[in-house]
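Listed below, chain by chain, are the residues.
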Amino acid sequence: MAPLNPYTYIQCPCSDSASLGRPTDLTSPTSADGDEDNTFDPRAPRANFSLYPLEYLLYCEDCHQIRCPRCIAEEIATYYCPSCLFEVPSSNLKSEGNRCTRSCFQCPICIGPLSVTSIETPPPSSTLLSPDHAATPHSTYSLICSYCNWSSTEIGIQFDKPNGIHAQLAKLRNGGASRLTAKERKERRKELSHRGGEAAVAAAAAVAANESSGGQDVDLETQFANLKLFCNSQLADPSAADNGFSSLGDLGFSSPSSLSRIMNLYTGGKLHDPRAKSKLGAMREALAADEGLLESNLNESSLITRLHQSDFLDTASSTQICSQPPNLGEPHLHGASRFNSSLRPVPYLLRTKRSKRCPVCRHIISKPEAKVQTTRFRIRLVAGSYIPSISIRRLNLPGPNGPAAPAILGDLLDPLKPVHFLLTFKNPIFESLKVTLGAPATTPGRFPSKVTVLCPQFDIDANTDVWDEALKDNDRESSSRSRRRAGTESQFQVEVGKIWERGRNWVSIVVEVVPASLKLEAGQDVLKEDEDVLEIPMFVRIEWEVENGGDDATSGPGRDKDQKEKRELAYWCVLGLGRIKQG
Amino acid sequence: MSGLSSGTAAGTTPLPHRSVANIRSPHTSGNTNPSTPSSSSRPIPSSTFGSPSSLRADEDILILELGTRKLQIGFAGDACPRGTVWFTPSQLRRVGDFRDWSSESKSNVDWKTKKVTGEKWWSRDHELWEYDVREVDLGLIGDKVDRALREALTKYMLIDSRPRRMVGVLPSGLPLPMLSAVLDSLFSRFQPPAISLLSSPVALTVGAGVRSSLIVDLGWRETVVTSVYEFREVSTNRSVRGGRLLVEQTHKLLAKHLPENQKKKANDNAGETEDYELSFDECNDITTRMVWCKPHLSSPKAPKSSDGLPTLHEQDESGVAPVESSTDTSKTVRIPLLSCRSPTTIELPWEALAEPSENTFFDSQYTESSFDDHELPLPLLVYRSLLQLPLDVRALCMSRIIFTGGCTNVLGLRGRIFGEVSKLVEERGWDGVQGKGADQMRANPKLKGKRGSRPANSGPSGVDSPSEGASGQEQDGVWHDAANTAHDECPVEEQLKRGQDKRPRVQGKMRAIESVGAWSGASLIAHLKAAPVSTVEREAWLQYGAVGASKPSEVDQKSARQSFGPGGLMRGSAASNSWTLGVWGMN
Ligand SMILES: [Zn+2]
Ligand SMILES: [Zn+2]
Ligand SMILES: [Zn+2]
Ligand SMILES: [Zn+2]
């Protein structure tokens, strides 16, 4: 198993039981041997949903709280295509869908970008003889992938124009047959009905029937449109409405059981107009393709024959099929969707730039630059600017038998052999921090490793200006801070209750760990994925003081200590230290 | 057709616009949380959402379909969902954990997971629901839904986080605790003012343009046959034969053809647990690409009938011809494999690729009596589902068979099931087996004779028009007889039916039809503003949870008596001030 580098994850406080509407019950586990029941188990399957690397977390300055992607409110600043970088107005999203409607497509085979290329029509043999090749202009175009050389001609699709590919493609089925899009069909119907009267309706039905040629050929979009049209016309039919409502009028409403028996579908709550209950009930069923009724074609023998003649690579992988948008332009494909020839170029999904607000106080905590081309933010309150970062390093102390070998990054941990890790906490804020750590004496799970935090409580100096720091340094040159710098770390013994080293705005402490043995006893199940990773849950509480009146108050010279406001923040984090050697 | 913007029915009080400011953030829930002493006293501003968009969020209704392996979401009124998110093991990882798994470790994980949990199936991490009650972690289900929906909203829906009404499309057999977990997660994380619930069989029925149907859901975990009558689910039958078993069978087949040196070292305790040679993903992939199903006539039970029974007609003839002519046993297929010890390519006979579906769905080498109820071969499952229905319901349902689910992609499978069911109907009629249907038959010998002698005449593609010929009359007879004898139908319903249905319905013969799908059916229902099975409002849910729901039976005693079986009949509340969980509230 590959070794791993130490890491830190933070659990957003929003993910405790309170998230389901019940009150929070995060009793303070700050005492080093915290209540077993309240110890956060990083191995529980649910833990993975609430743990984030520090870089993924934001922070609300007003609520003094961490905000994760699950506890943030989002607004859309811009919609754009990641390929052509064109901004899309929000009104288009509803009508045109969530993909670029220009000419931006991804390859259905390898998701590389497709480009429009003209197809060189081979010149008629006669022109070879004639000196001028003028007779053969580039007349058709195809989409080509420059990575895997896929071409839309492989699915029988060519375009007349090099632009507006999306619109052209919507009218083409694989193989090149043309189809009416929903829009065109709607327009045609409108046209016909403008001519007026019964005849028009009949004509419209005829159009629908013609284009569906018996039903087998009706594509999904058409079937849905036909169903919709049918239902709407049924509901609009005055005789239907009469029957539906009047017959129910007295009997129905005074006798809820019979009503609900009939209109079982509509047993909705108070959100709904009670008269809606009779809506579908007043409809007859669809009887033909132009009303949305389609018979199945269960005869797939020709497809089986095709599969029989196909190579494995003539079929699409599940990944390829999953990245296909729904193909509304074909009849129900069922098993036919497996063939490469059923794949379609994939229009790029649009993307958004989002502003983020604190859901509690409504303050904006992240706001991107409006311009699509830039990835910068105008406002971005990342949690890393407010809560201390923790970095982890393995510490090699001299053993009883002389100096230890230098620790190699990612070395496997020996079971049952004490090992020391150096945790360095770095304070990002301009006030000094009081840090209190709590960790269970043994890690949760089947293989408990022993954990001792040698110094669970300490202060970190403020993240002052570097110049201030230089000045202060002169004053405190002789303090404990510098003593570690004198020699290599292996010259020092770890001391309980003492920090290891201190710097301008950071403090290192030592954690001693005795990794568990991973030996399986008889009858025990094999190791689960990552069960050999030594992870320790640690409860971090930070406290600091700010000027009364909030962070915005200007700090006057005559400030009083009594006016300071105490703040605190507490959260669980998980320290991944390394893998334990197996066997 | 433009009705999207008017998602709430006329006459309905529009919901007050709910701003995200009303989110009950856990951090502000009081002084129980020691970490935020200052935030608890902070007043929550009541300002509305300052969004640049003028679109009112509660005008978009989100349709959310939750299946065993995927979530689909889109706007009500659209023809298809805008996005699909699959439940995968990588979704269970921590954010920022981008470790890429080599195929080798992938298959390790697969079978390790399987062993550790004692679960028979290696595919658990690919599924949302956990039907094993001992193992179930409801919070985890909520988390999975939360993460998948968040991904879908961000990647496909491209909408902000203002609360929107939702319509949930769910399998009707979903146990109540799991439905609760889903609602908990949706209400607490996404703040919809209300969630309406629709069962997928009903949505599928609407999506096919009919009012009654037999839904054959060839699903992942199981195959479920549901009969829907007048938009009500009247019975449900299940068999474990589904996609998961198919992938398992495919693995077996591929492992059998692996060269010896590619096989993993047999474990010490190999006796107890069967090791997997290949990864789940790879077997799943090969199943969707290469597995097919033999047509009906090649089944051993049906020797090629020279007696000219016009049973399976053109479908089988054409189905057999190309396959048989090409089933030169010499034809082999080469399949590249990556997740075995080292990448290799195996070669196996084309015919063998039909074995997995044969074993999974049919198992025709065993006798009928050797199957438990929950493992019936699919033709038998469908036949028995029809058999147990009252005559009139059956007559309608058998002519409105809707195949749905992932395994409809197995080439030839739908035709094979349809063919075998037709044959069973032809051989046995609707008699000979115990059951309600049979009882009714016996009570009316005239019908029995009629039905028994009736040829199962029409094929899937050659359907007679309902108005034409003898079969129409005959069925008419059946229909009226049934209506007279077996029913306590209320006069209103009768009146309604007569009033509307002037054109005769196709009934009494086997016919399969296509539905636009459960998601699209639900989209249509929401578009038509027809009320769903049940609507749960956020406030009520947060206050009471599932306990607050009226038992459908309490609300509607009368229809409870008409249930065809426990949990079968869909009912709901008609009283406006109580709400139910529809079918889900009854188990
Ligand atoms: Zn959070
Ligand atoms: Zn574009
Ligand atoms: Zn490509
Ligand atoms: Zn805030």
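If you're wondering where the values come from, they're calculated on a predicted model, not measured in any experiment.

Help me out: how do you make sense of the overall build of chain B in this one?
Helix and strand counts for chain B come out as 19 helices and 13 strands. With 587 residues in all, chain B has 61% of them scored as buried.

Please explain the pattern of salt bridges as it appears in this structure.
A pair can form between side chains of opposite charge whenever their charged atoms are brought close. Summed over all chains, the structure comprises 45 salt bridges over all chains. Where D219 of chain A meets R179 of chain A, a salt bridge forms, and the shortest distance between an N and an O atom there is 3.2 Å. A residue pair is termed long-range when its members are at least 10 positions apart, and D219 of chain A in the loop between α5 (197–212) and α6 (220–236) and R179 of chain A in the loop between α3 (165–170) and α4 (182–194) qualify at 40 residues. The salt bridge partner of K294 of chain B is E351 of chain B, with a shortest N-O separation of 3.0 Å. With a gap of 57 residues between them, K294 of chain B in the loop between α6 (280–290) and α7 (313–326) and E351 of chain B in the loop between β10 (344–349) and α8 (355–362) connect regions that are remote in the sequence. Here E351 of chain B falls in the partly exposed class, since its relative accessible area comes to 24%. Salt bridges here are not isolated pairs; linked through shared partners, they connect R46 and R70 of chain A together with D143, D146 and R150 of chain B.

Mind showing me how you'd approach the domain arrangement of chain B here?
Size of an interface: often given as the accessible area lost when the parts come together. Residue and element names in this part refer to chain B. Splitting chain B by domain gives domain 1 (56–87 + 127–203 + 516–586), domain 2 (210–240 + 375–432 + 506–514) and domain 3 (243–297 + 331–373). Here the C-alpha centre of domain 3 lies 27 Å away from the C-alpha centre of domain 2. With 23 residues of domain 2 at the contact, the number on the domain 3 side is 23 residues. Across the domain 2 to domain 3 interface the summed buried area is about 2000 Å²; carbon plus sulfur atoms make up 58%.

What is the right way to look at the sheet that holds strand β6 (residues 213–218) of chain B in this model?
Through backbone hydrogen bonds, the strands of a sheet pair up, either in parallel or in antiparallel fashion. With mixed pairing, the six strands of this open sheet are ordered in space as β9(A)-β12(B)-β11(B)-β6(B)-β7(B)-β8(B). With partners counted over all chains shown, the strands left at the sheet margins are β9 (294–295) of chain A together with β8 (232–239) of chain B, one partner each.

Mind showing me how you'd approach the sheet that holds strand β5 (residues 194–199) of chain B here?
Residues and elements named next belong to chain B. In space, the six strands of this open sheet follow the order β3-β2-β1-β4-β5-β13, with mixed pairing throughout. The sheet terminates laterally at β3 (83–86) and β13 (534–537), the two strands that pair on one side only. When strand polarity is set aside, the average angle formed by the axes of neighbouring strands in this sheet is 20 degrees. Pairing analysis gives five bridges linking strand β1 (residues 62–66) to strand β2 (residues 70–75), with the strands arranged antiparallel. Paired with I63 across the bridge in β2 is G74.

Could you clarify how one ought to interpret the pairing of strand β16 (residues 433–438) of chain A in this entry?
Consecutive side chains along a regular strand alternate between the two faces of the sheet. All names here are of chain A. Counting buried positions along β16 gives five out of six residues, so the element sits mostly inside the fold. Sheet analysis places β16 next to strand β21 (residues 533–546), joined by five bridges and oriented antiparallel. Following the sheet pairing, L437 is matched in β21 by V540.

Help me understand the coordination of the zinc ion (ligand 3) in this model?
Six octahedral donors at a metal ideally form angles of 90 or 180 degrees, and four tetrahedral donors ideally form angles of 109.5 degrees. All names here are of chain A. Those protein atoms acting as donors to the zinc ion (ligand 3) are C107 (SG), C110 (SG), C145 (SG) and C148 (SG), and they sit at 2.2 to 2.3 Å. Here the zinc ion (ligand 3) is ringed by four donor atoms whose angles at the metal span 98 to 117 degrees, and the overall shape comes out tetrahedral. Considered as a linear motif, the donors of the zinc ion (ligand 3) on their single chain read C-x2-C-x34-C-x2-C. Here C110, found in the loop between β6 (105–106) and β7 (114–119), pairs with C145, found in strand β8 (residues 140–145); they are 35 residues apart in sequence, far enough to count as distant.

Explanation requested: the side chain of R354 of chain A in the structure shown.
Checked against the element boundaries, R354 of chain A lands in strand β11 (residues 351–357). Of the polar contacts made by the side chain of R354 of chain A, one reaches the side chain of T352 of chain A; its length is 2.8 Å. A distance of 3.3 Å separates the side chain of R354 of chain A from the backbone oxygen of I159 of chain B, its partner in a polar contact. Contacts of R354 of chain A, omitting those with residues within four sequence positions, involve E74, E75, I76, A77, S366 and P368 of chain A together with L153, T154, L158 and I159 of chain B.

What should I look at first to understand the packing of aromatic side chains in this one?
Two descriptors summarise a pair of aromatic rings, namely the distance from one centre to the other and the angle between the planes of the rings. According to the stated counting rule, one finds ten aromatic pairs over all chains in the structure shown. Pairing Y366 of chain B with F371 of chain B gives two aromatic rings, centres 6.3 Å apart and planes at 90 degrees, and the pair type is edge-to-face. Among the residues examined, Y366 of chain B registers a relative accessible area of 46% and is labelled partly exposed. Among the aromatic side chains, those forming a connected cluster through ring pairs are F40, F539 and W572 of chain A. One residue, K94 of chain A, lies across the ring of F75 of chain B, its end atom 3.9 Å from the ring centre.

Whenever I open this one, the coordination of the zinc ion (ligand 2) confuses me. Can you help?
Surrounding the zinc ion (ligand 2) are the protein donor atoms C81 of chain A (SG), C84 of chain A (SG), C100 of chain A (SG) and C104 of chain A (SG), which sit 2.2 to 2.4 Å from the metal. Here the zinc ion (ligand 2) is ringed by four donor atoms whose angles at the metal span 101 to 119 degrees, and the overall shape comes out tetrahedral.

Thresholds, definitions, all that
- Residues numbered from 1 in each chain as written.
- Chains lettered and ligands numbered in written order.
- Predicted model: local features only at pLDDT ≥ 70, side-chain atom pairs only at ≥ 80, totals over all residues.
- Heavy atoms only, no water.
- Helix = DSSP H or I, 4+ residues; strand = E, 2+ residues; numbered from the N terminus.
- Buried < 20%, exposed > 50% of the residue type's maximum accessible area, 1.4 Å probe, protein only.
- Salt bridge = Lys/Arg side-chain N within 4 Å of Asp/Glu carboxyl O.
- Domains from an automatic or database assignment.
- Contact = heavy atoms within 4.5 Å.
- Buried area = accessible area lost by both parts, 1.4 Å probe.
- Pairing = 2+ DSSP bridges.
- Axes fitted to C-alpha atoms, helices over the stretch in contact; angles between N-to-C directions.
- Donors = N, O, S within 2.8 Å, 3.2 Å for Na, K, Ca; no water.
- Tetrahedral: all angles 85-135°; square planar, octahedral: opposite > 155°, others 65-115°.
- Polar contact = N/O pair within 3.5 Å; in protein donor to acceptor, adjacent residues only side chain to side chain.
- Phe/Tyr/Trp six-rings, centres within 6.5 Å; stacked < 30°, edge-to-face > 60°.
- Lys NZ or Arg CZ within 6 Å of the ring centre and 35° of its normal.

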